[in-house]
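# Chains, contacts and geometry: an overview
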Amino acid sequence: MTRYVMVADLRRCVGCQTCTAACKEGNATPPGVQWRRVLDIERGTYPDVQRVFLPVGCQHCDDPPCMEVCPTTATRQRADGIVTIDETLCIGCSYCIMACPYDARSLTGAAAYAFGNEPIVSEAQRGTRPAGLATKCDFCAARIDAGVARGLVPGRDPAASPLCVNACISGALSFGDRDDAEGPVARLLAENRWFRLHEEEGTGPGFYYLWDREAP
Amino acid sequence: MSGTRGGRRQRQWDLRAAGNFIGGGSGAGLLLAAALEGITGGTFRLTLALGLLLIGAGLGLVWLEIGRPWRALNVFFHPRTSWMTREGIMALLLFPLGLAAVATGSAALAAAAALAGLAFLGCQAGILHAARAIPAWRKPELVALIVAGGLAEGTGLALVVAESARWPVLLALAAGAAREVAWRRYRVALGRDGRTAPALAAFTAGPARLARLGQVASLVLLAVGAALPPAFGPMGPVLAGVGGVLAFLGGAAIKAVLVTRAGYTGKLTLPAVPVRGGGGPARQAAAR
Ligand code: SF4
Ligand code: SF4
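How each quantity is defined
- Residues numbered from 1 in each chain as written.
- Chains lettered and ligands numbered in written order.
- Predicted model: local features only at pLDDT ≥ 70, side-chain atom pairs only at ≥ 80, totals over all residues.
- Heavy atoms only, no water.
- Buried < 20%, exposed > 50% of the residue type's maximum accessible area, 1.4 Å probe, protein only.
- Helix = DSSP H or I, 4+ residues; strand = E, 2+ residues; numbered from the N terminus.
- Arc of directions from axis to C-beta.
- Contact = heavy atoms within 4.5 Å.
- Buried area = accessible area lost by both parts, 1.4 Å probe.
- Salt bridge = Lys/Arg side-chain N within 4 Å of Asp/Glu carboxyl O.
- Polar contact = N/O pair within 3.5 Å; in protein donor to acceptor, adjacent residues only side chain to side chain.
- Nonpolar A, V, L, I, M, F, W, Y, C, P; charged D, E, K, R; others polar.
- Near = heavy atom within 4 Å.
- Phe/Tyr/Trp six-rings, centres within 6.5 Å; stacked < 30°, edge-to-face > 60°.
- Lys NZ or Arg CZ within 6 Å of the ring centre and 35° of its normal.
- 1 Å grid on protein atoms, 1.4 Å probe; cavity = no way out; pocket = protein on both sides within 12 Å on 5 of 7 lines; lining within 4 Å.
- Points joined across faces, edges and corners; volume = space filled by probe spheres on them.
- Pairing = 2+ DSSP bridges.

Attention now moves to helix H7 (residues 184-191) of chain A. Within the sequence span of H7 of chain A, burial applies to Val185, Ala186, Leu188 and Leu189 of chain A. Taken around the axis of H7 of chain A, the buried residues stretch over an arc of 160 degrees, which confines them to a single face.

Turning our attention to the environment of alanine 148 of chain B. Here alanine 148 of chain B shows up in helix H6 (residues 140-161). Spatially, the C-alpha atoms of alanine 148 of chain B and leucine 121 of chain B are 9.7 Å apart, while their sequence positions differ by 27 residues.

Before going further, it helps to examine the interface of chain B and chain A. In this complex, chain B contributes 52 residues to the contact, which on the side of chain A involves 63 residues. Taken together, the two surfaces of chain B and chain A that pack against each other cover about 5000 Å², and 54% of this comes from carbon and sulfur. One can count two salt bridges joining chain B with chain A. Taking the shortest distance from any N to any O, the salt bridge between arginine 8 of chain B and aspartate 103 of chain A comes out at 2.8 Å. Between chain B and chain A we count 19 residue pairs in polar contact (both at pLDDT 80 or more) in total. Counting residues per element, the side of chain B that touches chain A draws most heavily on helix H11 (residues 280-287) of chain B, at seven residues. For the side of chain B that touches chain A, the residue count by class is 27 nonpolar, 15 polar and ten charged.

With that settled, the discussion passes to the site of ligand 1. Looking at ligand 1, the residues that line it are Cys58, Gln59, His60, Cys61, Pro64, Pro65, Cys66, Val83, Cys100, Tyr102, Arg105 and Lys136 of chain A. Partitioned by chemical class, the residues of the shell around ligand 1 number eight nonpolar, two polar and two charged.

Across all of its chains, the model carries eleven aromatic pairs over all chains by this definition. Arranged with centres 5.1 Å apart and planes meeting at 15 degrees, the rings of phenylalanine 207 of chain A and tyrosine 209 of chain A form a pair that is stacked. Taken together, the aromatic side chains of Tyr4, Phe139 and Phe175 of chain A make up a single cluster linked through ring pairs. The ring of tryptophan 211 of chain A carries the charged tip of arginine 193 of chain A above its face, separated from the ring centre by 4.5 Å. Over the ring of tryptophan 83 of chain B we find arginine 86 of chain B; its NZ or CZ atom is 4.5 Å from the centre of that ring.

The subject of this paragraph is the site of ligand 2. Inspection of the region around ligand 2 gives Cys70, Pro71, Thr72, Thr75, Cys90, Ile91, Gly92, Cys93, Ser94, Cys96, Arg105 and Ala134 of chain A as its neighbouring residues. Of the residues that constitute the shell around ligand 2, the class distribution is seven nonpolar, four polar and one charged.

This part takes up the pattern of salt bridges. Within this structure, the stated rule accounts for 20 salt bridges over all chains. Among the ionic pairs, arginine 16 of chain B bridges to glutamate 65 of chain B, the shortest N-O distance being 3.8 Å. Pair noted here: arginine 16 of chain B is in helix H1 (residues 15-39) and glutamate 65 of chain B is in helix H2 (residues 45-65), with a separation of 49 residues, a long-range link. A relative accessible area of 14% places glutamate 65 of chain B in the buried class. Through salt bridges with shared partners, one network takes in Arg78, Asp80 and Asp145 of chain A.

What follows covers the layout of surface pockets. Residue and element names in this part refer to chain B. The calculated volume of the largest pocket comes to roughly 460 Å³. Leu59, Val62, Ala72, Val75 and Glu87 are, among the 22 residues lining the largest pocket, the residues nearest its centre. At the level of secondary structure, the elements contributing two or more residues to the lining of the largest pocket comprise H1, H2 and helix H3 (83-104). Counting residues per element, the lining of the largest pocket draws most heavily on H3, at six residues. Looking at side-chain class alone, the lining of the largest pocket contains 18 nonpolar, two polar and two charged residues.

A few words now on unusual backbone geometry. All names here are of chain A. Look at the link from tyrosine 46 to proline 47: it is a cis peptide, with omega at 10 degrees. In this structure, proline 47 sits in the loop between strand E2 (37-45) and strand E3 (48-56). With phi around 65 degrees, threonine 73 is a residue other than glycine that occupies positive phi space. Classification of threonine 73 as buried rests on a relative accessible area of 19%.

Moving on to the pairing of E3 of chain A. All names here are of chain A. Judged from the nine bridges that link them, E2 and E3 form a sheet pairing that is antiparallel. Residue pairing in the sheet places glycine 44 in a bridge with valine 49 of E3. Between E2 and E3, which follow one another and run antiparallel, lie two residues.

Take a look at the structure:
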């Protein structure tokens, strides 16, 4: 079985938001919609304070609450774990937004370009995203599928990997098949300590964070 | 101490969505009152029609809120797990039954419509309970509050249109008392959970306090209205009617607060933190 997951090494992330920009540019998300974000979190009390940069987005949960509540079946889960939204079915009811514990979803507003009336290259290629629909990160599923069709390996070959992973300046983001024991993701998870967000929700997030110290 | 990212207030569901919970709840309560009127041999058509009107108005408000209203029929595609689909199916059931009951005057059809209405109300409670991002809506105690609240609002409103009798007042009083118990249990549950502090704050702010005052006043008026002997003339029914309207208004206002002001997402808490420059990157480079 293939289970695509993302790994973020919190020791490496410097909060530069290059992944954010790469996703925004490449996926032509509408103004106000951000699939990949990097939260800037402050820990501790002065003078013992630490900043943690936390890349977030859709966690492509094993048991996605968004899919459970979606009344139209627009939200689905592929066999490889990627959670998708069928734009032809979605009615924009926002129920999935109420169900996602990771704040990963948005509703598209009126169709608009990022910079005034002229589209940037990716917008010209993709067109503006339709208004009134749920939207979120899809792990660049189209790139992955196109890459796999050409015999490439997601997570190893940039042409078959998510844009945020390719763009990361510090190698903090990794992507791949968790079930491929020799793949980069499985090795990172085997050789480092990691946590996932909101484990208590039982959603089984497909997004792992590497770390090396218990929270004080 | 920080290290958490505080929740944010949901802004997608506004007063139109709240209107569905208000109309659906009170409509279901009216359907129940109408069914009981039918069973006891009274005329129930007006009560039933008002219930259907309120449920329809609530669904109409939601229709105005969704991003793609002309695709609304897709809502029926996921009955296996979605409470929103189930709510839609119950609406499909209750409207033909209710309209047939209004047209024919059949008490049996009215009772069937009331049962569908109760199921519809249960689905509305399920919708909120399944919203995993919002801790204040996840509380099991909210399910009881939504059901009891709907019945209190509807049976209260029924006093305005129902034939003058004592039992509808007692019914509204009982439903109001049940709502009061459910409300207190819900408040206690919110107080026990640190994640729901913003919701609790919304429920202690001015508008919610006023709504609660209305709910308590409605209970007093209903009790006095039920207790006054016939010698007091129309005083009893009038007080009960005012109490019933207050029961509806107070419940509606609390639902508006619940949906539009108390819907905060949970905090993001980091269970662990990174130590930069500790040799980690070198280890990972080797791992690649
Ligand atoms: S992170 Fe949110 S949107 Fe993504 S699969 Fe999980 S519940 Fe759904
Ligand atoms: S907004 Fe779209 S994807 Fe989300 S629950 Fe509604 S129909 Fe499903």
